[in-house]
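Remarks on the overall topology
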Amino acid sequence: MALLDFVAQGLLNADATLTQRFCEVARGVSGAAKAALYVTDGSQVRCLGLAPPHLGSPLIETQDEAHFPWAMGRLQPSRFILVEDATRLPLAGGGFVGDLGLRSAVHLPMGAGSTGALHLYWDRVLQSWDDDLGAQLRAAGGLVVAHALDRRGESTPTRRRSDP
């Protein structure tokens, strides 16, 4: 199934299902060991999906936007960051990427103004990144992030007043 077809069908699903399935598809098409999808929420960055799913993983820790990704500060890549030796990249909850048995990582910004990001991790050294695949993941992921942000806005209760 093409990534954009997947997103078009998935927009009908609940946010958690869509973001989780996107991570699973991204992991599968990239050959990564792990995938995590993040969204900026104010000054915080939250994980919306993780593949394979885990209830407790340092990859799902909420983190300060000023230190995202990997405490590198406010990087603004337009397409991707490839970290060939990611073993010493810090995790938000403490420890390092290498502690999880992971060796390389890619950061893909997603959505308008990079409101989200996809992180892919491999348990082997990755020496190059296929940015044709990256472009497809950014396009599909941008739709997933936009949908999650729109749905979150819909579910936020509005304040009502009875006094003039």
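See the structure above.
Residues numbered from 1 in each chain as written. Predicted model: local features only at pLDDT ≥ 70, side-chain atom pairs only at ≥ 80, totals over all residues. Heavy atoms only, no water.

A short note on the overall build of the protein chain
Counting secondary structure elements, the protein chain contains 3 helices and 6 strands. Along the protein chain, helices and strands appear, N-terminal first, in the series α-α-β-β-β-β-β-β-α. Every one of the 164 residues in the protein chain was classed for burial, and the buried ones make up 41%. Roughly 8,700 Å² of accessible area belongs to the protein chain as shown, and the carbon and sulfur atoms make up 50% of that amount. (Helix = DSSP H or I, 4+ residues; strand = E, 2+ residues; numbered from the N terminus. Buried < 20%, exposed > 50% of the residue type's maximum accessible area, 1.4 Å probe, protein only. Areas by Shrake-Rupley, 256 points an atom, 1.4 Å probe, with all protein chains shown as cover.)

Some points on the sheet that holds strand 5 (residues 104-110)
Judged by pairing direction, the sheet is antiparallel, and its 6 strands sit side by side in the order 3-2-1-6-5-4 without closing on themselves. If you trace the sheet from one side to the other, it starts and ends with strand 3 (63-64) and strand 4 (81-83), each paired once. Bridge count for strand 4 against strand 5 is 3 bridges, and the pairing is antiparallel. Bridging across to strand 5, Val83 finds its partner in Ala105. (Pairing = 2+ DSSP bridges.)

Structural notes on the side chain of Arg138
One can find Arg138 in helix 3 (residues 131-155). Residue class for Arg138 comes out buried when judged on its relative accessible area of 15%. Ignoring sequence-local partners within four residues, the contact set of Arg138 consists of Ser78, Arg79, Leu108, Pro109, Met110 and Asp131. (Contact = heavy atoms within 4.5 Å.)

Quick word on the state of the cysteines
One pass over the structure, following the stated rule, counts 0 disulfides. Lacking any disulfide linkage, Cys23 is separated from the closest cysteine sulfur, that of Cys47, by 6.5 Å. Here Cys23 falls in the buried class, since its relative accessible area comes to 0%. (Disulfide = S-S within 2.5 Å.)

Structural notes on the packing of aromatic side chains
This model, assessed by the stated rule, comprises 3 aromatic pairs. A centroid spacing of 6.0 Å and a plane angle of 65 degrees characterise the contact between Trp122 and Trp129, whose relative ring orientation is edge-to-face. We note that Trp122, like Trp129, is buried. Between Arg88 and the ring centre of Phe96, over which it is positioned, the NZ or CZ distance is 3.9 Å. (Phe/Tyr/Trp six-rings, centres within 6.5 Å; stacked < 30°, edge-to-face > 60°. Lys NZ or Arg CZ within 6 Å of the ring centre and 35° of its normal.)

Some words on unusual backbone geometry
In the segment running from Ala51 into Pro52, the intervening peptide bond is cis, with an omega of -10 degrees. Among the secondary structure elements, Pro52 is positioned in the loop between strand 2 (44-51) and strand 3. Residues Phe68 and Pro69 are joined by a peptide bond in cis, for which omega reads -5 degrees. Along the chain, the position of Pro69 falls in the loop between strand 3 and strand 4.

Remarks on the nonpolar core
Residues Phe22, Leu118, Leu120, Trp129 and Leu137 are the most contacted members of the largest nonpolar core, which totals 22 residues. Here the element with the most residues in this core is helix 3; it accounts for 5 residues. In terms of nonpolar packing, the next biggest core, distinct from the first, is built from 19 residues, Phe68, Leu89, Leu91 and Ala117 among them. (Core = buried A, V, L, I, M, F, W, Y, C linked by side-chain atoms within 4.5 Å.)

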